[in-house]
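One letter stands for each residue in the lines below.
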Amino acid sequence: MSAETPAARGQFHIWRLRFRAWRGGRPFWAGLFILIAGFPIAYLPYANLQIGHLTLAMATTAGAGSLIIGVLLGVLGISLWYQKHIRTFAGVAAILLGLVSLPVSNFGGFFVGFLLALVGGGMAVAWVPGEEPAARPAETDRTDKGDAPEAALANGASEPNDLSGTSPTNGANGRHSAG
């Protein structure tokens, strides 16, 4: 099998189109942003930064809270991919967790996780599933269709624009009937 085998390229192309269709039917990018937002929020309170010979410990007293916020954001991001009907709850929860991460987790993972959670949460709340293509009704064989000409209106239009029932073209002449 050579590198120019069309079957291998076709399989990749089919896989890519299937992934694209799967991704298009759910808030994929919102879930990805929320999932990525969990990493800096959960990781940075436990990180040690090296600046030359100086070690800067980022540990905070709320390290467990940061870990919980990061894990919850990861779970919300993945659940958006597989349960698209919870998009509003997951979006609002991601925004609230991002806001809570500001005081708890080193300014929300140095604002990176905070901003990703806000953007992803906003995208999840704003996402609306696409409409299915409208199916046209099947054409049936009707005997009353086709041969008879349509009645023309007095003003030359094909459809009446006045639906109030007071138009002179429908014989009401401005009078309403009571009863």
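Look up: the structure comes first, before these words.
The text that follows walks through the structure, step by step, so that each part is easy to find. These numbers come from a predicted model, not from an experiment. (Residues numbered from 1 in each chain as written. Predicted model: local features only at pLDDT ≥ 70, side-chain atom pairs only at ≥ 80, totals over all residues. Heavy atoms only, no water.)

Within the protein, the secondary structure is distributed over six helices and two strands. Taken from N to C terminus, the helices and strands of the protein fall in the order α-α-β-β-α-α-α-α. Taken over 179 residues, the protein has a buried fraction of 27%. Put simply, of all contacts in the protein between residues at least 6 apart along the chain, 64% involve residues at least 24 apart. In the form shown here, the protein has an accessible surface area of approximately 13000 Å², with 63% of it arising from carbon and sulfur atoms. (Helix = DSSP H or I, 4+ residues; strand = E, 2+ residues; numbered from the N terminus. Buried < 20%, exposed > 50% of the residue type's maximum accessible area, 1.4 Å probe, protein only. Contact = heavy atoms within 4.5 Å. Areas by Shrake-Rupley, 256 points an atom, 1.4 Å probe, with all protein chains shown as cover.)

Within the largest apolar cluster, 15 residues are counted, with the highest numbers of intra-cluster contacts made by Ile34, Leu73, Leu76 and Leu80. Not counting residues up to four positions away in its chain, the partners in contact with Leu80 are Arg26, Pro27, Ala30, Gly31, Ile34, Arg87, Ala90 and Ala124. (Core = buried A, V, L, I, M, F, W, Y, C linked by side-chain atoms within 4.5 Å.)

Once that is clear, we can look at the packing of helix H2 (residues 28-43) against helix H6 (residues 112-126). As a packed pair, H2 and H6 sit with axes 8 Å apart at the nearest point and diverge in direction by 160 degrees. Relative to H6, H2 is oriented roughly antiparallel. For the element pair H2 and H6, the recorded crossing hand is left-handed. Touching Trp29, Ala30, Phe33, Ile34, Ile36, Ala37, Pro40 and Ile41 of H2 are Val112, Gly113, Phe114, Leu116, Ala117, Val119, Gly120, Gly121, Met123 and Ala124, all from H6. (Axes fitted to C-alpha atoms, helices over the stretch in contact; angles between N-to-C directions. Parallel < 35°, antiparallel > 145°, perpendicular 65-115°, else oblique. Left-handed = near helix turned anticlockwise from the far one by under 90°.)

Structurally, Pro103 can be placed in helix H4 (residues 87-104). The class for Pro103 is exposed, based on a relative accessible area of 69%.

Here we take up the packing of aromatic side chains. Under the counting rule described, the total for this entry stands at 10 aromatic pairs. Note on Trp15 and Phe19: the rings are 5.9 Å apart at their centroids and 5 degrees apart in plane angle, and the pair reads as stacked. Taken together, the residues Trp15 and Phe19, both in helix H1 (residues 6-24) and four residues apart, mark about one turn of the helix. Considering the side-chain rings of Phe19 and Phe28, the 5.7 Å spacing of their centres and the 90 degrees angle between planes classify their relative orientation as edge-to-face. A residue is classified by how much of its surface remains accessible, and Phe19, at 30% relative accessible area, is partly exposed. (Phe/Tyr/Trp six-rings, centres within 6.5 Å; stacked < 30°, edge-to-face > 60°.)

Let us look at the pairing of strand S1 (residues 48-51). The sheet contact formed by S1 and strand S2 (residues 54-57) spans four bridges and is antiparallel. Within S2, the residue paired with Leu49 across the bridge is Leu56. In sequence, S1 turns back onto S2 through a hairpin of two residues, with Gly52 there showing a positive phi of about 65 degrees. (Pairing = 2+ DSSP bridges.)

It is worth spelling out the side chain of Arg26 at this point. Looking at where Arg26 falls in the secondary structure, it is placed in the loop between H1 and H2. The residues contacting Arg26, other than those within four sequence positions of it, are Leu80, Trp81, Tyr82, Lys84 and Trp127.

What describes two packed helices is the angle between their axes and the distance between those same axes. Relative to each other, H2 and helix H3 (residues 63-82) sit at 165 degrees, their axes nearing to 7 Å. Between H2 and H3, the angle is such that the two are roughly antiparallel. Considering the relative orientation of H2 and H3, their crossing is left-handed. Here Phe28, Ala30, Gly31, Leu32, Ile34, Leu35, Ala37, Gly38, Ile41 and Ala42 of H2 lie close against H3, whose contacting residues are Ser66, Leu67, Ile69, Gly70, Leu73, Gly74, Leu76, Gly77, Ile78, Leu80 and Trp81. Looking at the contact of H2 with H3 residue by residue, the class counts come to 15 nonpolar, six polar and no charged. (Nonpolar A, V, L, I, M, F, W, Y, C, P; charged D, E, K, R; others polar.)

Mapped onto the secondary structure, Leu44 falls in the loop between H2 and S1. Sequence-wise, Leu44 and Phe110 are 66 residues apart; in three dimensions their C-alpha atoms are separated by 8.3 Å.

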